[in-house]
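Close look at the chain arrangement
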Amino acid sequence: MPETSEISEIDDLGARVIKVIAQTQRIPAESISPDSTFEELKIDSLDGINIVFALENEFGIEIPDEGVQSMRGVRDAIAGVRRLIEAKKETVPPGAV
Amino acid sequence: MNRVAVTGLGLVCALGNNVGECWQRLAAGESGIRPLRDPGSPPYKFRTGAEAQNFRPLDHFSEKELDLLERFCQLFTVSAREAIAQSGLKFSGSLAEKTAVITGSSVGGQFSEEEGYKRLYRENLPRVAPLTIPRTMANAGASRVSLEFGIRGPAYTISTACSSSNHAIGQAFWMVRSGQVLCAIAGGSEAVFAEGLLRAWEAMRVVSPDVCRPFSAGRKGLTLGEGGGALVLENWEHAKARGAEILGEIIGFGMSSDAHHITQPCVEGPARAMQWALCDAGIAPEQVGYINAHGTGTEANDVIETQAIRTVFGRHADSLLVSSTKSMHGHTLGAAGAIEGIATLLALKHGIIPPTVHFTAPDPACNLDVVPNEPRQAYVEIGISNTFAFGGLNATVVFRRA
């Protein structure tokens, strides 16, 4: 993963999460904001399974089932993905992957 | 006991994307068998198939919908839409609960299943696509149509190899006849052109290298086909009361098991299915004028089916018109009963018997009038549609001209 500053990583991360959701739902990314809830985006449980799968592929993370159930909106998804990426950085020594 | 009308038909197969297109070609004796679009690598031993080459999923579904719908499910849904539109039925109120959806499928969502295996075993990826389960389930077509039209009565899928959709139509017929439901959407679909399944058929050594020529001397086997077919069955009085056009009638259904061999056919089982069907319809063998044969084009089936027909019909067998439309739309496995049942009903309705094409010369072991190559004009009151499955499971549906 390329080195990036904290701020741009957050922005980039959020944009990437939104892009994954947009592609999976086949809706324009512009129609999604960090404040959108899954309900507003008409994302049902089956869509959620698809999105989680795509997020795992995009970020090379494993999202636990409990984490999936507590996600209610885009902001939750971004925060969850960020936590998992950071947890992964902590457990994997630099240069090990 | 209620009479059972057919008030809607829908069809997608190698011959076309709707009933009109398909019937035009059936009635003209035009084959839909073509070189395989993907001949395999290394090439399959057979070079042809009856693919629904003009079926474009995006003409019928959004990309988002297609994420969830396997090809076999798409084929059934599109045929059911056509059938339901023709029937004019709207499934609101109590009719929704008094309508069944019964489908047949032999292999279900083969593409997604194979895709998953490729990821796991060829690419060594640990995970398969998340919607693999709802895409592959054999009842996907029945469930989709139930959801799309709000049909809330009995809905299920029968998997009996090549008899699947005849069993589905037969069960639906009995449910309408007995009054358990007022209407039923019955039929089936299959999408067979998936690599693993084609290799499995190749290994069975029953697929013709060129074309399917049922009952003909020099036949070399079946040709695989894909498609979907749906019939709207409706309580006769219900259809009359709402002024629906009645396209034909189903009057009998019979089924049997050979208990003989897992793949080798025998005379007794198919004969008994036909006898049961005639008995169920309350008609004498002499009243039947047309048989849409199982007629796969394999050496064994066509000889055995000829003998079974002679067993049931005796001297009348020489007056019967017998054709295998598989010579045009291929063997569509779990969809065979639906597609061929529709062909049977339309033959009665239009007074044209679709021929057995690719016929080169008579085989003395198949000495029936198999309507070789050219369609035949004939007024026929009653026709039957046979399917005999691997596993020895036989099913026959009896149709009457409306």
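Residues numbered from 1 in each chain as written. Chains lettered and ligands numbered in written order. Predicted model: local features only at pLDDT ≥ 70, side-chain atom pairs only at ≥ 80, totals over all residues.

1. A short note on the overall build of chain A
- Scanning chain A from N- to C-terminus turns up four helices and zero strands.
- The helix and strand sequence of chain A, counted from the amino end, reads α-α-α-α.
- Burial analysis of chain A (97 residues in total) assigns 20% to the buried set.
- If you take every contact in chain A between residues at least 6 apart in sequence, the share linking residues at least 24 apart comes to 55%. (Helix = DSSP H or I, 4+ residues; strand = E, 2+ residues; numbered from the N terminus. Buried ≥ 20, exposed ≤ 12 C-beta atoms within 10 Å, placed from the backbone. Contact = placed C-beta atoms within 7 Å.)

2. Quick word on the overall build of chain B
- Along chain B, the regular secondary structure elements total 14 helices and 14 strands.
- Over its C-alpha atoms chain B spans a radius of gyration of 20 Å, differing by no more than 12% from the 21 Å that the globule rule assigns to 402 residues.
- Seen along its three principal axes, the alpha-carbon backbone of chain B occupies a region of about 60 × 55 × 40 Å.
- Across chain B, every contact between residues at least 6 apart in sequence was considered, and the portion connecting residues at least 24 apart equals 80%. (Rg over C-alpha atoms; globule rule 2.2 N^0.38 Å.)

3. Overview of helix H9 (residues 195–204) of chain B
Residues and elements named next belong to chain B.
- Along H9, the residues that are buried comprise Leu197, Leu198 and Trp201. The buried residues of H9 occupy one face: seen down the axis, they fall within an arc of 100 degrees. Of the residues in H9, the exposed ones pointing more than 90 degrees away from the buried face are Arg199, Ala200 and Ala203.
- Looking one or two residues beyond H9, the residue adopting positive phi is Arg205, at roughly 60 degrees. (Arc of directions from axis to C-beta.)

4. Some thoughts on the nonpolar core
- Ranked by internal contacts, the top residues of the largest apolar core, which has 125 residues, are Ala172, Ala184, Ile185, Leu231, Leu233, Ile342 and Val398 of chain B.
- Among the elements that take part in this core, helix H14 (residues 336–350) of chain B stands out by supplying nine residues, more than any other.
- Residues lining this core come from more than one domain, with at least three contributed by each of domain 1 (4–241) and domain 2 (251–400) of chain B.
- For Leu231 of chain B, the residues in contact, after removing those within four places along its chain, are Val6, Gly8, Leu9, Ala83, Ile169, Ala186, Gly187, Gly341 and Ile342 of chain B.
- Of all hydrophobic cores here, the second largest spans 15 residues; its members include Ile21, Ile32, Phe38 and Val52 of chain A. (Core = buried A, V, L, I, M, F, W, Y, C linked by C-beta atoms within 7 Å. Domains from an automatic or database assignment.)

5. Quick notes on the domain arrangement of chain B
Residue and element names in this part refer to chain B.
- Each domain of chain B was delimited in the assignment, giving domain 1 (4–241) and domain 2 (251–400).
- At the junction of the two partners, domain 1 supplies 63 residues and domain 2 supplies 57 residues.
- The set of elements that each furnish at least two residues to the side of domain 1 that touches domain 2 consists of strand E1 (4–13), helix H1 (19–28), helix H8 (164–178), strand E6 (183–190) and strand E7 (227–235).
- By residue number, the principal contributor to the side of domain 1 that touches domain 2 is H8, which donates eight residues.
- Of the residues assigned to the side of domain 1 that touches domain 2, the class counts are 30 nonpolar, 27 polar and six charged. (Nonpolar A, V, L, I, M, F, W, Y, C, P; charged D, E, K, R; others polar.)

6. Comments concerning the interface of chain B and chain A
- On the side of chain A, four residues touch chain B, which itself brings four residues to the contact.
- When grouped by side-chain class, the residues that make up the side of chain B that touches chain A number two nonpolar, no polar and two charged.

7. Here's the deal with the pairing of strand E4 (residues 99–104) of chain B
Residue and element names in this part refer to chain B.
- Among the six residues of E4, six are classified as buried, and the element is accordingly described as predominantly covered.
- A two-sided burial pattern is seen for E4, the buried positions comprising Thr99, Val101 and Thr103 on one face and Ala100, Ile102 and Gly104 on the other.
- Examined bridge by bridge, E4 and strand E5 (residues 155–158) share four bridges and lie parallel to one another. Considered in E5, the bridge of Gly104 is made with Ile158. (Pairing = 2+ DSSP bridges.)

8. Section: the sheet that holds strand E14 (residues 393–400) of chain B
Residues and elements named next belong to chain B.
- Reading across from one edge, E5-E4-E6-E7-E1-E8-E14-E13-E9-E10 is the order of the ten strands in this open sheet, with mixed pairing throughout. One side of each edge strand has no neighbouring strand; the edge strands of this open sheet are E5 and strand E10 (321–323). On average, each strand axis in the sheet is inclined to that of its neighbour by 25 degrees, with strand direction left out of account. (Axes fitted to C-alpha atoms, helices over the stretch in contact; angles between N-to-C directions.)

9. Describing the packing of H8 of chain B against H14 of chain B
All names here are of chain B.
- The interhelical angle for the contact between H8 and H14, taken along N-to-C directions, is 65 degrees, at an axis separation of 5 Å. Packed against H8, whose contacting residues are Ser164, Ser165, Asn166 and Ile169, the element H14 presents Ala336, Gly337, Ala338 and Gly341 at the interface.
- Within the contact of H8 with H14, the residues separate by chemical class into three nonpolar, five polar and no charged.

10. Some details on the environment of Leu36 of chain B
Residue and element names in this part refer to chain B.
- Counting through the fold element by element, Leu36 comes out in the loop between strand E2 (34–35) and strand E3 (48–49).
- Between the C-alpha atoms of Leu36 and Leu89, which are 53 residues apart in sequence, the distance is 38 Å.
- The residues contacting Leu36, other than those within four sequence positions of it, are Arg47, Thr48 and Gly49.

11. Digging into unusual backbone geometry
Residues and elements named next belong to chain B.
- The residue after Ser41, namely Pro42, is reached through a cis peptide bond having omega -5 degrees.
- Note that Pro42 resides in the loop between E2 and E3.
- One non-glycine residue, Ala161, adopts positive backbone phi at about 45 degrees.
- Note that Ala161 resides in the loop between E5 and H8.
- The class of Ala161 is buried, set by 20 C-beta atoms lying within 10 Å.

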